[in-house]
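Take a look at the letters that make up each chain.
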Number of protein chains: 2
Amino acid sequence: MTELLEKAKKAKQASAELASKTTKQKNEALAAISKQLIEEISFILVENKKDVENARAKGMTEALIDRLTLNEKRIQDMADGIRQLIDLKDPVGEILDSWERPNGLQIKTVRVPLGVVGMIYEARPNVTVDAATLCLKTGNAVILRGSSSAQHSNIAISDCIRRALEGTEIPADAVQLLEDTSRETAQQLFTLTEYLDVLIPRGGKNLIQSVVEQASVPVLETGVGNCHIYIDESADKEMAIDIVINAKTQRPSVCNAAEKVLVHENWAAKYFAELAKRLQDHEVEVRGDQKAQQLAVGLKPATEEDWSTEYLDKIIAAKIVSSVEEAIEHINQYGTKHSEAIITADDQNVAKFFNEVDAAALYHNASTRFTDGFEFGFGAEIGISTQKLHARGPMGLKALTTTKYLIYGNGQIRN
Amino acid sequence: MTELLEKAKKAKQASAELASKTTKQKNEALAAISKQLIEEISFILVENKKDVENARAKGMTEALIDRLTLNEKRIQDMADGIRQLIDLKDPVGEILDSWERPNGLQIKTVRVPLGVVGMIYEARPNVTVDAATLCLKTGNAVILRGSSSAQHSNIAISDCIRRALEGTEIPADAVQLLEDTSRETAQQLFTLTEYLDVLIPRGGKNLIQSVVEQASVPVLETGVGNCHIYIDESADKEMAIDIVINAKTQRPSVCNAAEKVLVHENWAAKYFAELAKRLQDHEVEVRGDQKAQQLAVGLKPATEEDWSTEYLDKIIAAKIVSSVEEAIEHINQYGTKHSEAIITADDQNVAKFFNEVDAAALYHNASTRFTDGFEFGFGAEIGISTQKLHARGPMGLKALTTTKYLIYGNGQIRN
C-alpha cells in the first residue's frame, strides 16, 4: 500500500474515534502540543535550518525564505496561539435547531466534525501547527501535504505533535504528514473521495487553481483578492485618502490589501492629484486610466491586464468613473469576490453598493484590511473563502464542521 | 460565441439584476409561470409526445418512459407546486448575525442568492420547472442542461417559463436552457467557473459521479443511498418488522429506501425467520450472510458486492451482527452517508449509534423513508445532499443561498 493510502486509512479510523472525544479531552491534547513544541524548540530549529540552507542554495527569494524561517520567537508564538485556541468555544455538539413533526418525529440538527481534512500548502512550517491544531479542536483528522522545501521542518513539527498526542486521549494518527511530496501523490490526494471529506489549499493562486481544477474531493477555496476601493462623489477627503493608503500600504502582500481605486469624477477633479501624491509619498507606484493620468503627475498607464491583476505589492491602479453604477459594474467584472469598499456620505449609494456588488465582504467607510478571522472576532482563522458554498469570507472554527440530522421516533413509518 | 457561453453571460447579467428584486416581484413572476403552464398545457403535451415516441422507438424502459411522460394532471401538479412555493418564506435578505467590534465596526451577516446555478439532470421534464422556480424564488439565475431524450419537452417548458417572465419584473434571461445537449458542451459547463457558482446534478449514480470527477465549479452532490436499518437486541419485534417493511417496500426506487438490514444475533435467533418471511410475503428478495441463511428459509447468499450495492429495487440483504459496534463499523465501511436507522429500546445504544455513524440523517425507531425536504417540513426540496460541505441531508431553499458580510465603519483603518 502506498504511504498516502496507508495514512489516509489511519486518518479515517482516527476521525471516527475523534468524533466522540469531549472538549476537555481535545483541549488537553492541544495543551500537550503547545508544551511539546517549546520542549523541542532546539530540535525543530536544527531541522528548519536544513530547509533554509537548501532554499538559499536553490536561490529562493528572501521573502519566501522569511516565510520558511523559524526562530525561538516564532515557535513561542505558535505555542501561544494554541493556548488561545484552547480558550475558544468548541463548535462540535452544538444543537442548531430542533422541532417536532405532526407525526411525532423529533428532529434535531447538531454540529459535528467534517471527518478528514486534507491541507495542501506552501513552504510555511507554521501552517503545519495551525492546520493540525484547528482540525483537532474541531474533532477532525488531518492529512498534511506541505512543500518539499519545508519538509525537514514539517516532519520535525508533525513528529513533535504526534509525540505530544501519545500522552493524551486523542489518537496520534489524527495527524498525518505525507513524506512523499511528489506531484503524482498530490494528485492522488485530490481524488481520494473515499477517505477525504474536504481539501483546503493554502497558498498562492497557482496552487489553489490546480487544486480546484483537479480535485474531485470538495474544496474550500481560499484566497485571491483583487480588492477595490470606490471613492464616491460625497466621500470625505481625508477619510478616503487615509483608507486607501492604509488598505494599500499597511501590508501589501496579503489578499485583503487594496489593488484598485475607483474614483468618482467629481471627487477626482478636486482631490485625485493629492491622493496620487500621498500614495507616491508612501512609495506606491500609481497606475491610471487616461483621465487619471491627466489629473495627477507621475502616473504610469494602466492596461487592461492591470484591472484583473492582484499585485500583492506597492502598486495600485486608479480608474475615474462617472457613477456608483459604473464602479459596481467594473468591480463585478474584474473583482475576485473577496473584499470591496465604498467611501461615501450617501446612504443610498451604500445600499446600492452592498446589494449589487458580488463579494464576501463589503465595507462602508473602512479599510478592506479588516477581512480577517481575528479582526472579525472569530478568534481563529482557517483562511478566507472566496467561494460561495459552505463558508464565505473569513472562516472560523465552524467552517471545519458540518451537521447531522438526528431523528427520534416511536415506530413511525411513511404512508 | 458558443450557445453555452452566450447563455452563461446572459444568466450572469440576469443574476445581478435578480439579486435586488423583492420577494413580491419574485412571487409575482412565479404566479405568472404557474398560470402560463396551465395555458400552454396542450402545446407542452404535443411536444412531450414527440419525446415519448422517440424514447419508445429507441427501446427506453417503461420505468424511464413513465418518468419522461407528462399529462394534464402532472402539469397541473407542477402549477400547484409553484403556488405552494410562493407561500414559502424567502430566505434572501435574512440577517443571520450582527455584532460590533471594539474599533466600532458594525458587522452584519446577510443571506444572499448564490448567483448562477447550473442544473444537470436526466429525462424528467418536471425538473425543468422545479429547478427554474426554486432558483427564481431564491434570486438565482439558472442554466438548465437536461437530457436529449426530453429535449422537446424541456424546450417547450422553458419557452413557456420565459414567456411568462416577459410580463413580469424578473428578467427572462434568468432561465437559460441549453439546446446543445452534447457531452462536450456538458464538460465545458462543468468548468465554467467564471460564470457558474454551483453545479447541481440530479439523477443516477453515474451522472453524479461524472460531475463530481470532472467539475471545477463547486458541486452540490445529491443522492446515492445505501441505507441500513440496525435491529438491536432489545428492539420491539413488531416495530422493527413494520419499519423494515416500510423502508424497503413503500417506494423501493428512491434513495432513502432501506437496502440492508443488520440484525443483532439475539434478536435474530428469535425473530429473524419471521422478518424474512414477512419481507418475502411483500415480494422482497431477501439475501443474507451465512448466519442469516441458517436462520430463515428461501434466502439467497449475499456476496461482498451486495454490501455496497444500492438496489433501488425489491431486494434487501441481511447480516447478523453480534453488537451495536459491529453494526456501526459495517455501516461506516459500506454506507453512503445518507440515512441510517437503529431500532432499539436501549438509549445508550442510540447515543452511540447517533454519535459514531457518519451519515446525514440518523433515525431511532423510525423509517429511513422520512429523509425528504417535505417530510422534514422544509416545504420544498432541492435534493438530498450526501456531501458534508454547505448543506447535508434534505436541502430546502436555504441551500440555494450564501452569505455576505456587510461592514459599516466611520473611517476605520488597520494598525
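Within each chain, residue numbers correspond to sequence positions counted from 1 in written order. Labels follow written order: the first chain is A, the first ligand is 1, and so on. Only residues with pLDDT of 70 or above have their local features reported here, since the model is predicted, and side-chain atom pairs are shown and tallied only from 80 upward, although totals for entire chains, interfaces and linings are computed over all residues. To obtain the side-chain values, all non-hydrogen atoms of the structure were included, while hydrogens and water were left out.

Peer 1: Run through the domain arrangement of chain A, naming residues and quoting values.
Peer 2: Domain start and stop positions are those given by an automatic or database domain assignment. Partitioning chain A into structural domains gives domain 1 (3-222 + 390-408) and domain 2 (227-370). On a C-alpha basis, the centres of domain 1 of chain A and domain 2 of chain A stand 36 Å from each other.

Peer 1: Outline the UniProt feature "domain: Aldehyde dehydrogenase" (unreviewed entry) in chain A, listing residues and values.
Peer 2: Cross-referencing UniProt, the feature "domain: Aldehyde dehydrogenase" (unreviewed entry) maps to residues 9-289 of chain A in the present numbering. Helix and strand definitions here come from DSSP, where helices need a minimum of 4 consecutive H or I residues and strands a minimum of 2 consecutive E residues; each element is numbered from the N-terminal end. The span residues 9-289 of chain A is 51% helical and 17% strand by assignment, and the distance between its end C-alpha atoms comes to 55 Å. UniProt positions are given in the numbering used here, feature names are shortened, and annotations may be inferred rather than shown by experiment.

Peer 1: Can you explain helix α6 (residues 126-137) of chain B? Please cite residues and give values.
Peer 2: To estimate the expected span of a helix, count its residues, drop one, and scale the result by 1.5 Å. In a regular helix each residue adds 1.5 Å, so 12 residues correspond to 16 Å; α6 of chain B covers 17 Å between its end C-alpha atoms and thus fits that length. Positive backbone phi, approximately 75°, marks Gly-139 of chain B, located one or two places after α6 of chain B.

Peer 1: Before we move on, can you summarise the packing of aromatic side chains with the specific residues and values?
Peer 2: The aromatic pairing rule takes the rings of Phe, Tyr and Trp, using the six-membered ring of Trp, and pairs them if the centres are within 6.5 Å, calling planes under 30 degrees apart stacked, those over 60 edge-to-face and the rest tilted. All told, the structure shown has 14 aromatic pairs over all chains when counted by the stated rule. Relative to Phe-378 of chain B, the ring of Trp-99 of chain A has its centre 6.0 Å away and its plane inclined at 45°; by these criteria the two rings are tilted. Taken together, the residues Trp-99 of chain A in strand β1 (residues 95-100) and Phe-378 of chain B in the loop between β13 (361-366) and β14 (383-385) connect one chain to another. Buried means the residue's accessible area, taken with a 1.4 Å probe over protein chains only, is under 20% of the maximum for its type, while exposed means over 50%, and partly exposed covers the values in between. Its relative accessible area of 26% is what places Phe-378 of chain B among the partly exposed residues.

Peer 1: An account of helix α5 (residues 72-87) of chain A is requested, with residue identities and associated values reported.
Peer 2: Residues and elements named next belong to chain A. For α5, spanning 16 residues, the distance from its first C-alpha to its last is 23 Å, which sits close to the expected 22 Å at 1.5 Å a residue. Of the positions making up α5, those classed as buried are Ile-75, Met-78, Ala-79, Ile-82, Leu-85 and Ile-86. All buried residues of α5 project into a common sector of 110° when viewed along the axis, lining one side. Exposed and oriented more than 90 degrees from the buried face of α5 are Lys-73 and Asp-87. In what follows, residue pairs with any heavy atoms lying within 4.5 Å of each other are defined as contacts. Elements in contact with the buried residues of α5: α2 (23-39), α3 (41-57) and α6 (126-137). Capping of α5 at its N-terminal end is provided by Asn-71; its side-chain oxygen lies 3.1 Å from the backbone amide nitrogen of Lys-73. To be clear, the arc concerns the directions from the helix axis to the C-beta atoms. In protein, a polar contact means a hydrogen-donor-capable atom and an acceptor-capable atom, both N or O and within 3.5 Å, with residues adjacent in sequence counting only if both atoms are side-chain atoms; elsewhere, any N or O pair within 3.5 Å suffices.

Peer 1: Explain the relation of the copies chain A and chain B to me, using residue names and the numbers behind them.
Peer 2: When the copies are overlaid, the least-squares fit takes in C-alpha atoms only where the residue has pLDDT of at least 70 in both copies. Superposition of chain A onto chain B requires a rotation of 180° combined with a translation of 0.0 Å along the rotation axis, giving an RMSD of 0.0 Å. The relationship between the two copies is best expressed as a two-fold rotation axis. Relative to the rotation axis, the C-alpha of His-390 of chain A is the closest in chain A, positioned 1.7 Å from it. A shared binding surface is used by both copies, with 100% of the interface residues of chain A retained as interface residues in chain B.

Peer 1: Explain the interface of chain A and chain B to me, and be specific about the residues and the numbers.
Peer 2: Note: interface size is frequently given as the accessible area lost on complex formation between the parts. Taken together, the contacts link 71 residues of chain A with 71 residues of chain B. Put simply, buried area is how much 1.4 Å-probe accessible surface two parts lose in total, over both of them, once they are put together. If you sort the residues of chain A by the area they bury against chain B, Leu-389, Tyr-405 and Arg-414 of chain A come out on top, with a joint share of 15%. Put simply, a salt bridge is a Lys or Arg side-chain nitrogen that is within 4 Å of an Asp or Glu carboxyl oxygen. Counting across the chain A and chain B interface gives eight salt bridges. Seen at the junction of chain A and chain B, the total is 43 residue pairs in polar contact (both at pLDDT 80 or more). With 11 residues, the top contributor of residues to the side of chain A that touches chain B is strand β16 (residues 401-412) of chain A. Any residue outside Ala, Val, Leu, Ile, Met, Phe, Trp, Tyr, Cys, Pro, Asp, Glu, Lys and Arg is labelled polar, Gly included; the first ten of those are nonpolar and the last four are charged. Tallied by class, the residues present in the side of chain A that touches chain B amount to 34 nonpolar, 23 polar and 14 charged. Bridging between strand β13 (residues 361-366) of chain A and strand β16 (residues 401-412) of chain B involves five bridges; their strand directions are parallel. Residue pairing in the sheet places His-364 of chain A in a bridge with Tyr-408 of chain B of β16 of chain B. Paired strands, as defined in this entry, are two strands with at least two bridges between them according to DSSP.

Peer 1: Let's hear about the side chain of Lys-260 of chain B: which residues, and what values?
Peer 2: Residues and elements named next belong to chain B. Take Lys-260: it is sitting in strand β8 (residues 258-264). The charged-residue count follows a simple rule in which Lys and Arg add positive charge and Asp and Glu add negative charge, with His and chain termini not counted at all. Here Lys-260 sits buried without a salt bridge, and the closest side chain of opposite charge, Glu-259, lies 5.5 Å off (N-O distance). A polar contact is formed between the side chain of Lys-260 and the backbone oxygen of Asp-306, at a distance of 3.1 Å. With near-sequence residues (within four places) excluded, Lys-260 lies in contact with Asn-226, Cys-227, His-228, Ile-229, Asp-306, Trp-307, Thr-309, Tyr-311, Ile-316 and Ala-317.

Peer 1: How would you summarise the sheet that holds strand β2 (residues 106-113) of chain B if you had to cite specific residues and measurements?
Peer 2: Read across the open sheet, the 10 strands follow the order β10(A)-β9(A)-β11(A)-β8(A)-β7(A)-β12(A)-β13(A)-β16(B)-β2(B)-β1(B); overall the sheet is mixed. Both outer strands of the open sheet, β10 (300-301) of chain A together with β1 (95-100) of chain B, are each paired with one neighbouring strand and no more. Pairing of strand β12 (residues 339-343) of chain A with β13 of chain A involves four bridges; the strand directions are parallel. Its bridge partner being in β13 of chain A, Ile-342 of chain A is matched across the sheet by His-364 of chain A. Convention adopted: a line fitted to C-alpha atoms gives each axis, helices being fitted over their contacting stretch, and angles between N-to-C directions are expressed from 0 to 180 degrees. Taken strand by strand, helix α15 (residues 347-356) of chain A contacts β7 (227-231), β12 and β13 of chain A together with β16 of chain B, and its axis lies near 145° from that of β16 of chain B.

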